[in-house]
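# Understanding the architecture of this molecule
Below are the chains, spelled out letter by letter.
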Amino acid sequence: MNSSVNEQLDIRKELETITDLPTLPHVIVQLMSYLDEPDVEFKRIAQIIQEDPPLVAQMLKIVNSGFYGLPNSIDDLHQALVILGLDEIQTIVFADSVYSIFYNIHENDFFDYQLFWQHSIGTARLGYALASLATLPQKRTVYTAGLLHDIGRLVIQLYFPEHYRHIFAIAHEHQLDLLTAEVSHLNFTHTEAGYWIAEKWNLPDTLKDVILNHHNLDEETITTNPINTFIHIANEFARLWGNTLEVTPVTISIENTELWHHITDTYPSLKSLQVKDLIQFVDLRMEEADAFVQKLKQTRTDE
Ligand SMILES: [Fe+2]
Ligand SMILES: [Fe+2]
């Protein structure tokens, strides 16, 4: 079941030979750094998005899709942005610019993009909600990190779809989670693949750290990179909730672990969350994510 050392080296080597790497759209780069600022204004966001006319069209289409029940159709971007709100603006921008780079390139029977989106958006929403509860100043970056944390899965799926086919098969056959199956088949994981593209795209160090380390949070990181802490928790709860690419049920919960004690010692306001509240909390955030994916899918199929 284990791959050879040569095969492992090949994956890293093959990545380095890729020349047609998709570029990160300029609008994303600008928006990411702007959303980190303390007083975010819709007017400035509109100016940034205006540079990308297809994205403007997509925003207006979603706001006028009937989902918001508006009496009149909206043709002003600024007004549309105010109605959508920051979460949805960010999700649409990333869905349109980043996910669409990978979307439909290798449509196949084993990699379910819809589940991938649901999990990413759910992790972003949940991470943001928990970071808000903990009054973390960088909660908007937590949302971005949630959307991007598993981007390496798209990289492997884009460049090595046959390897992912094997990874899913191994996960099924041996009842493994996908990360373990990635290690088992390639000794190369979606976290490394994500880090590779994050470096190429010059993403900020905080995001690179989340992409590489969201599965291995250690005690030190809880204080040095709080964003990774919130994504780690959100990712665990989102996996537990379901709607992930995982082929085996996720049963381990973070709230009984030593790590959870360290987290709640660092962010005492999280202690107020009882397990039953947490389940309800996760349910709500994941249902929102689900509804939003449906909405995005609907506007895509209308095209
Ligand atoms: Fe992951
Ligand atoms: Fe994840």
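The coordinates are above.
The sections below set out a description of the structure shown in this document. No experiment lies behind these values; they were computed from the predicted model shown.

## Details of the layout of surface pockets
Size it by volume and the second largest pocket reaches roughly 210 Å³. Taken together, 15 residues line the second largest pocket, and the ones lying closest to its centre are Met-32, Ser-33, Asp-36, Pro-204 and Leu-207. Counting residues per element, the ones that place at least two in the lining of the second largest pocket are α2 (26-35), α7 (139-148) and α12 (205-213). Looking at the lining of the second largest pocket element by element, the count peaks at 4 residues for α2. Class assignment for the residues of the lining of the second largest pocket results in 7 nonpolar, 6 polar and 2 charged.

## Remarks on the packing of helix α14 (residues 226-241) against helix α15 (residues 258-266)
Their axes nearest at 12 Å, the elements α14 and α15 cross at an angle of 135 degrees. Between α14 and α15, the crossing angle belongs to the class labelled oblique. Along this stretch, α14 crosses α15, giving a crossing that reads as left-handed. Of the residues in α15, those in contact with Thr-229, His-232, Ile-233 and Phe-237 of α14 are Leu-259, Trp-260 and Ile-263. Tallied by class, the residues present in the contact of α14 with α15 amount to 5 nonpolar, 2 polar and no charged.

## Side note on the coordination of the iron ion (ligand 2)
Every protein donor of the iron ion (ligand 2) is accounted for by His-119 (NE2), His-149 (NE2), Asp-150 (OD) and Asn-235 (OD1), and the metal-donor separations fall at 2.1 to 2.2 Å. For the iron ion (ligand 2), the 4 donor atoms in the first shell make angles of 83 to 178 degrees at the metal, so the coordination geometry reads as irregular.

## Digging into the coordination of the iron ion (ligand 1)
Under perfect tetrahedral coordination by four donors, a metal shows angles of 109.5 degrees; under perfect octahedral coordination by six donors, it shows angles of 90 or 180 degrees. Each protein donor to the iron ion (ligand 1) is listed here as Asp-150 (OD), His-190 (NE2), His-214 (NE2) and His-215 (NE2); together their distances run 2.1 to 2.2 Å. Here the iron ion (ligand 1) binds 4 donor atoms, and the angle range of 88 to 179 degrees at the metal identifies the geometry as irregular. Between consecutive donor residues of the iron ion (ligand 1), the sequence gaps follow D-x39-H-x23-H-H. The iron ion (ligand 2) is placed at 3.6 Å from the iron ion (ligand 1), the two being bridged by Asp-150. With Asp-150 in the loop between α7 and α8 (151-159) and His-214 in the loop between α12 and α13 (219-224), this residue pair connects regions lying 64 residues apart in the sequence. Both residues of the pair, Asp-150 and His-214, count as buried.

## Focus on the packing of aromatic side chains
One pass over the full model with this rule turns up 9 aromatic pairs. Consider the rings of Tyr-128 and Tyr-143, whose centres lie 6.1 Å apart with planes at 80 degrees: the pair is edge-to-face. Here Tyr-143 lies in helix α7 and Tyr-128 lies in helix α6 (residues 113-133), a separation of 15 residues in the sequence. Overall, Tyr-143 belongs to the buried group, its relative accessible area being 0%. These aromatic residues form a ring-pair network of at least three members: Phe-111, Tyr-113, Phe-116, Tyr-164 and Phe-168.

## A few points about the environment of Leu-77
Along the chain, Leu-77 turns up in helix α5 (residues 77-102). Taking the C-alpha atoms as reference, Leu-77 lies 9.7 Å from Ile-45; in sequence the two are 32 residues apart. Non-local contacts of Leu-77, meaning those with residues more than four positions away in its chain, are made with Ala-46, Ile-49, Gln-50, Val-56, Met-59 and Leu-60.

## Structural notes on the pattern of salt bridges
Side-chain pairs of opposite charge can arise where the charged atoms are in close proximity. What the rule picks out here adds up to 13 salt bridges. In this structure, Glu-288 engages Arg-125 in a salt bridge whose closest nitrogen and oxygen atoms are separated by 3.3 Å. Of this pair, Glu-288 sits in helix α16 (residues 275-301) while Arg-125 sits in helix α6, and the two are 163 residues apart along the sequence. For Arg-125, a relative accessible area of 5% translates into the label buried. Its salt-bridge partner being Glu-236, residue Arg-239 comes within 3.4 Å of it at the nearest N-O pair. Taken together, the residues span about one helical turn, with Arg-239 and Glu-236 both in helix α14 at a distance of 3 residues. An identical accessibility class is assigned to Arg-239 and Glu-236; each is buried. Here the salt bridges do not stand alone but share partners, grouping Glu-88, Arg-125 and Glu-288 into one network.

Each value, and the rule that gives it
- Residues numbered from 1 in each chain as written.
- Chains lettered and ligands numbered in written order.
- Predicted model: local features only at pLDDT ≥ 70, side-chain atom pairs only at ≥ 80, totals over all residues.
- Heavy atoms only, no water.
- 1 Å grid on protein atoms, 1.4 Å probe; cavity = no way out; pocket = protein on both sides within 12 Å on 5 of 7 lines; lining within 4 Å.
- Points joined across faces, edges and corners; volume = space filled by probe spheres on them.
- Helix = DSSP H or I, 4+ residues; strand = E, 2+ residues; numbered from the N terminus.
- Nonpolar A, V, L, I, M, F, W, Y, C, P; charged D, E, K, R; others polar.
- Axes fitted to C-alpha atoms, helices over the stretch in contact; angles between N-to-C directions.
- Parallel < 35°, antiparallel > 145°, perpendicular 65-115°, else oblique.
- Left-handed = near helix turned anticlockwise from the far one by under 90°.
- Contact = heavy atoms within 4.5 Å.
- Donors = N, O, S within 2.8 Å, 3.2 Å for Na, K, Ca; no water.
- Tetrahedral: all angles 85-135°; square planar, octahedral: opposite > 155°, others 65-115°.
- Buried < 20%, exposed > 50% of the residue type's maximum accessible area, 1.4 Å probe, protein only.
- Phe/Tyr/Trp six-rings, centres within 6.5 Å; stacked < 30°, edge-to-face > 60°.
- Salt bridge = Lys/Arg side-chain N within 4 Å of Asp/Glu carboxyl O.

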